[in-house]
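Letter by letter, the chains look like this.
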Amino acid sequence: FDAKRAEYESRGIVLQGVANLYLPLYADAPETAARHAADAASHAGVVLGAYCGDVSHGEPGATDAHLDALFALASKHGLDVDLHVDENNNPDCCGVRVLCGALERARGRGYDGSVVLGHVTSLALQTAEVQAEVVARLAKLAPVHVVCNPFTNLGLQDRRGTAPPIGKLVARDEPRTPLWRGLTLLQELRAANVPVAAASDNVRDWWHPYGDYDPLQVWREAVAMGHLDTAPSEGSWADLVTAAAADAMGVGGGVIAVGEPADLVLFPGARRFSELLARPHPDRVVVRRGKATGTSPPDFSELDDLVD
């Protein structure tokens, strides 16, 4: 990771690593967790992470203990935290609500690191009262960032063949159209001043067979799925894949302003948002440090060893 980070830094690209561990291991295997956190802290650009799973299957209080142990290590080593949380279709699972309690305790003990919450899809399945409670509590726990994964979770959530412990059972062999989008509460969170961003952690893999790591595609899908074009406009949400995403990583940038690096993408074929979001725009011009680059996406054959 250190070598790749240095290689991409020379190109003006920041790589951030997330040292993931299955959440229960932070409390159930403390020696392993301690070594894991110490190793993460020994590398620049690495944050402490966890895959939380469907916490509704655990014993009462277990998830609290797991999160407390994670935040204790994050505080000890001065690490930010990145969590995969509530990525499922189970309305009985609201790990982010438990997370609020753990982070409230951690903040009370002096932990001031940034916390990124990825997916948070099952929050959309909670009652209006629980949703309002969680959003209000997150707003008081800054710095907290919520990152949605539009086309990944559109493809994964409410999918035929889903089964415990991954999520609530959805029969594999019965014809059934999905009933929800798998999108977290973007509009409600932003209205409460909780920073939100958009990305994708799955591209042409077992969890999502399509995509090309294109932020324009991610933005377009978020706008369409979240009806953001009238909230109040598409442009108001462009920061989902620019400044807000950079802030979630803690690297800054992603804006056009005096004194900022001239890193931007031009779309000469688009005159308005309806045109910008209508096509992939292979004629786009990528500007790095003020200079137009001549790069283009690799031929699919160059990716065979990564995909097949």
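So, here's what we can say about the structure.

What counts and how
Residues numbered from 1 in each chain as written. Predicted model: local features only at pLDDT ≥ 70, side-chain atom pairs only at ≥ 80, totals over all residues. Heavy atoms only, no water. Helix = DSSP H or I, 4+ residues; strand = E, 2+ residues; numbered from the N terminus. Pairing = 2+ DSSP bridges. Patch = residues over 30% accessible without salt bridge, like charges linked within 9 Å, V, L, I, M, F, W, Y side chains within 5 Å. Areas by Shrake-Rupley, 256 points an atom, 1.4 Å probe, with all protein chains shown as cover. Salt bridge = Lys/Arg side-chain N within 4 Å of Asp/Glu carboxyl O. Lys, Arg positive; Asp, Glu negative; His and termini not counted. Charge placed at Lys NZ, Arg CZ, Asp CG, Glu CD. Phe/Tyr/Trp six-rings, centres within 6.5 Å; stacked < 30°, edge-to-face > 60°. Lys NZ or Arg CZ within 6 Å of the ring centre and 35° of its normal. Buried < 20%, exposed > 50% of the residue type's maximum accessible area, 1.4 Å probe, protein only. Expected span 1.5 Å × (residues − 1). Contact = heavy atoms within 4.5 Å. Polar contact = N/O pair within 3.5 Å; in protein donor to acceptor, adjacent residues only side chain to side chain. Axes fitted to C-alpha atoms, helices over the stretch in contact; angles between N-to-C directions. Disulfide = S-S within 2.5 Å. Parallel < 35°, antiparallel > 145°, perpendicular 65-115°, else oblique. Left-handed = near helix turned anticlockwise from the far one by under 90°. Nonpolar A, V, L, I, M, F, W, Y, C, P; charged D, E, K, R; others polar.

### Examining the environment of Pro60
Moving on, step 1. Locating Pro60 in the fold gives a position in the loop between strand S2 (46-51) and helix H4 (62-77).
Moving on, step 2. Along the sequence, Pro60 and Pro268 sit 208 residues apart, while their C-alpha atoms lie 56 Å from each other.

### Some points on the sheet that holds strand S7 (residues 264-266)
Moving on, step 1. Spatially, three strands are ordered S7-S8-S9 in an open sheet, and the strand pairing comes out antiparallel. Each edge of the open sheet carries a strand with a single partner, namely S7 and strand S9 (291-292).
Moving on, step 2. Where S7 meets strand S8 (residues 285-288), three bridges bridge the pair, whose relative direction is antiparallel. Its bridge partner being in S8, Val265 is matched across the sheet by Val286.

### Concerning a negative patch on the surface
Moving on, step 1. On the surface, Asp299, Glu302, Asp304 and Asp305 cluster together into a negatively charged patch.
Moving on, step 2. Along the polypeptide, Asp305 turns up in helix H12 (residues 304-307).

### Focus on the packing of aromatic side chains
Moving on, step 1. Per the counting criterion, the structure on display carries three aromatic pairs.
Moving on, step 2. Here Arg11 stacks its cationic end above the ring of Tyr8, 4.5 Å away from the centre of that ring.

### A look at the pattern of salt bridges
Any two side chains of opposite charge can pair if their charged atoms end up close together.
Moving on, step 1. On inspection of all chains with the given rule, the structure shows twelve salt bridges.
Moving on, step 2. Ionic pairing is found between Asp214 and Arg284, a salt bridge with its closest N-O pair at 3.0 Å. Placement of the pair is Asp214 in the loop between strand S6 (196-198) and helix H9 (215-226) and Arg284 in the loop between helix H11 (273-276) and S8, with a sequence separation of 70 residues.
Moving on, step 3. Under the relative-accessibility criterion, Asp214 is labelled buried at 15%.
Moving on, step 4. Owing to a relative accessible area of 25%, Arg284 belongs among the partly exposed residues under this scheme.
Moving on, step 5. Close ionic contact of Glu275 with Arg272 constitutes a salt bridge, the shortest N to O distance being 3.0 Å.
Moving on, step 6. The buried category is assigned to Glu275, whose relative accessible area is 18%.
Moving on, step 7. Under the relative-accessibility criterion, Arg272 is labelled partly exposed at 48%.

### Re H9
Moving on, step 1. Between its terminal C-alpha atoms H9 stretches 16 Å, which fits the 16 Å expected from twelve residues at 1.5 Å a residue.
Moving on, step 2. Turning to H9, its buried residues are Leu216, Gln217, Val218, Trp219, Ala222, Val223, Met225 and Gly226.
Moving on, step 3. Buried residues in H9 make contact with helix H7 (150-156), helix H8 (186-191), S6 and H11.
Moving on, step 4. For H9, the N-terminal capping position is held by Asp214, with its side-chain oxygen 3.0 Å away from the main-chain nitrogen of Leu216.
Moving on, step 5. His227 sits one or two residues past H9 and shows a positive phi near 50°.

### So, a nonpolar patch on the surface
Moving on, step 1. Side chains of Tyr22, Leu25, Tyr51 and Ile166 sit close together on the surface and give an oily, nonpolar patch of about 380 Å² of accessible area.
Moving on, step 2. Summarising the element assignment, Tyr22 is placed in strand S1 (residues 17-22).

### With respect to the sheet that holds S1
Whenever strands of a sheet pair, they do so through backbone hydrogen bonds, lying parallel or antiparallel.
Moving on, step 1. Pairing in this open sheet of six strands is parallel, and the strands run S1-S2-S3-S4-S5-S6 from one edge to the other. Of all strands in the sheet, those with a lone pairing partner are S1 and S6, marking the two edges. Ignoring strand direction, the axes of neighbouring strands in this sheet form an average angle of 25°.
Moving on, step 2. With three bridges connecting them, strand S5 (residues 144-148) and S6 associate as parallel partners. Bridge assignment links Val146 to a residue of S6, and that residue is Val196.

### Some thoughts on the state of the cysteines
Moving on, step 1. Considering all chains together, one arrives at zero disulfides under this definition.
Moving on, step 2. Free of any disulfide, Cys93 has its nearest neighbouring cysteine sulfur in Cys94, separated by 7.2 Å.
Moving on, step 3. A residue is classified by how much of its surface remains accessible, and Cys93, at 0% relative accessible area, is buried.
Moving on, step 4. Unpaired in terms of disulfides, Cys100 finds its nearest cysteine sulfur in Cys94, a separation of 8.0 Å.

### A look at the packing of helix H5 (residues 95-108) against helix H6 (residues 128-139)
Moving on, step 1. Where H5 contacts H6, the two axes come as close as 10 Å, and the packing angle between them is 30°. Between H5 and H6, the crossing angle belongs to the class labelled roughly parallel. Of the two elements, H5 crosses H6, and the hand of that crossing is left-handed. Here H5 contributes Val96, Arg97, Leu99, Cys100, Gly101 and Glu104 to the contact with H6, which in turn contributes Val130, Glu133, Val134, Arg137 and Leu138.
Moving on, step 2. Classifying every residue of the contact of H5 with H6 by side-chain character gives six nonpolar, one polar and four charged.

### Concerning the side chain of His281
Moving on, step 1. One can find His281 in the loop between H11 and S8.
Moving on, step 2. On the accessibility criterion, His281 (5% relative accessible area) is buried.
Moving on, step 3. Polar side-chain contacts of His281 include one of 3.0 Å to the backbone oxygen of Glu275.
Moving on, step 4. In this structure the side chain of His281 is engaged in a polar contact, spanning 3.0 Å, whose partner is the backbone oxygen of Leu276.
Moving on, step 5. In contact with His281, other than residues within four places in its own chain, are Leu216, Phe267, Gly269, Ala270, Glu275 and Leu276.

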